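For reference, the chains in residue letters:
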Number of protein chains: 2
Amino acid sequence: MECINLAPSRLPLSSLGSLGVRIRRDSSRGQSNRFLGFRSPRCNKMFVPGFGEASPEAKAAKGLQDFFTYVAVKIVLAQLQSYNPEAYEELMEFTSSHSLKDGDKFCRTLMRQSPRHKGLALRILEVRSAYSKTDFEWENLKNLAFKMVDESNTKLMREYVLETSHLENEEQ
Amino acid sequence: MECINLAPSRLPLSSLGSLGVRIRRDSSRGQSNRFLGFRSPRCNKMFVPGFGEASPEAKAAKGLQDFFTYVAVKIVLAQLQSYNPEAYEELMEFTSSHSLKDGDKFCRTLMRQSPRHKGLALRILEVRSAYSKTDFEWENLKNLAFKMVDESNTKLMREYVLETSHLENEEQ
């Protein structure tokens, strides 16, 4: 869900129209009209353009889906390694020649490689679903993300201050 | 937190040692010893190798941090567009020549471009922190990810069945 809040400028609601028009210069051309349907004067969220009809949450979820496929492949490899070295070698060979960036594409190709590969693909699909629902620690993800953003912000600002104060000292 | 569960093979705990040795063939060389510290007989999670000393949650959080930087840039651009066209143009120009894939690198470079760019970078840092903490819908992310994984699994299997049953019909 994407909403409007023009903080820190806090423009009155009457000026939203002009924003809607101007946003067409953004890469998400033509979406401003669609957003009109989502606007609510009670919504205090910052306006996030550029996601078409999807939401930032949907885009992040797609990224996580690919990540879960990557994790599922790692899990299945670790399982196979201990009791089915042949299948392990086959899957290792496949992963070395096929990118895991797009999880669905990877599974689609793996499925069509051979009946044995199909079995591995089905297992990866099963594991990624089970992993995301039972093993992945969602609350931990949220806390880690908050912590990382804060720590990175502090680090970036500290680095900049140290660098510039050093330059100022040299100039004096 | 990464734990051990060898499902579906369900090896007894006494065989974990051999798994620890064999895992050294994986890209995460030398981590098996470190994992020994995390092992607990009460933990029912699937073993996820390949993350070094970090966890899958930490890796996913890093990905989300970069995503929040991307979203923060979009938000700041939308805000600037309506009341500061000059700064908008400057930031647009910078984004067109610098990748947003690594959020921290982007901000680090932006900060050192000029004093005006530094102001923009500080605002992006502020917005990515506020966005992740107040606007981003974490529960929605979780639900969307569950839904996407299930839908993609069904879609991939349906496609495969349709494709192979079609081939079988042709062969008959």
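We now turn to the structure provided with this report. (Residues numbered from 1 in each chain as written. Chains lettered and ligands numbered in written order. Predicted model: local features only at pLDDT ≥ 70, side-chain atom pairs only at ≥ 80, totals over all residues. Heavy atoms only, no water.)

Within the structure shown, the criterion is met by 18 aromatic pairs over all chains. For the pair F67 of chain B and F68 of chain B, a centre-to-centre distance of 6.3 Å together with 50° between the ring planes defines the contact as tilted. Considered together, F67 of chain B and F68 of chain B belong to a single accessibility category, that of buried residues. Members of the aromatic cluster, each reached through a chain of ring pairs, are F67, F68, Y70, Y131, F136 and W138 of chain A together with F146 of chain B. (Phe/Tyr/Trp six-rings, centres within 6.5 Å; stacked < 30°, edge-to-face > 60°. Buried < 20%, exposed > 50% of the residue type's maximum accessible area, 1.4 Å probe, protein only.)

In this complex, chain B contributes 80 residues to the contact, which on the side of chain A involves 81 residues. The contact between chain B and chain A buries some 7,500 Å² in all, and 62% of this surface belongs to carbon and sulfur atoms. The three residues of chain B that bury the most area against chain A are M46, E57 and L156 of chain B, which together make up 9% of that side's buried surface. Across the contact surface, chain B and chain A share eight salt bridges. E163 of chain B is the partner of R112 of chain A in a salt bridge, and the nearest nitrogen-oxygen pair spans 2.9 Å. Applying the counting criterion to the chain B and chain A interface returns 24 residue pairs in polar contact (both at pLDDT 80 or more). Tallying contributions element by element places helix α3 (residues 56-83) of chain B first for the side of chain B that touches chain A, with 20 residues. Counted by class, the side of chain B that touches chain A contains 42 nonpolar, 14 polar and 24 charged residues. (Contact = heavy atoms within 4.5 Å. Buried area = accessible area lost by both parts, 1.4 Å probe. Salt bridge = Lys/Arg side-chain N within 4 Å of Asp/Glu carboxyl O. Polar contact = N/O pair within 3.5 Å; in protein donor to acceptor, adjacent residues only side chain to side chain. Helix = DSSP H or I, 4+ residues; strand = E, 2+ residues; numbered from the N terminus. Nonpolar A, V, L, I, M, F, W, Y, C, P; charged D, E, K, R; others polar.)

Residues and elements named next belong to chain B. At a minimum axis separation of 7 Å, α3 and helix α4 (residues 85-97) run at an interaxial angle of 145°. Both α3 and α4 take part in a crossing whose hand is left-handed. Contact residues: V73, V76, L77, L80, Q81 and Y83 in α3; P85, A87, Y88, L91, M92 and T95 in α4. Split by residue class, the contact of α3 with α4 holds 10 nonpolar, two polar and no charged. (Axes fitted to C-alpha atoms, helices over the stretch in contact; angles between N-to-C directions. Left-handed = near helix turned anticlockwise from the far one by under 90°.)

Over its 21 residues, helix α6 (residues 115-135) of chain B runs 29 Å from end to end, which matches the ideal 30 Å to within 8%, given 1.5 Å per residue. Inspection of α6 of chain B places H117, L120, A121, R123, I124, L125, V127, R128, S129, Y131, S132 and D135 of chain B among the buried residues, and these make up the whole buried set. (Expected span 1.5 Å × (residues − 1).)

Here we come to the side chain of Q81 of chain A. All names here are of chain A. Inspection of the secondary structure puts Q81 in helix α3 (residues 56-83). For Q81, a relative accessible area of 6% gives the class buried. At 3.3 Å, the side chain of Q81 and the side chain of Y88 are in polar contact.

All quantities given are derived from atomic positions and should not be read as evidence of function.
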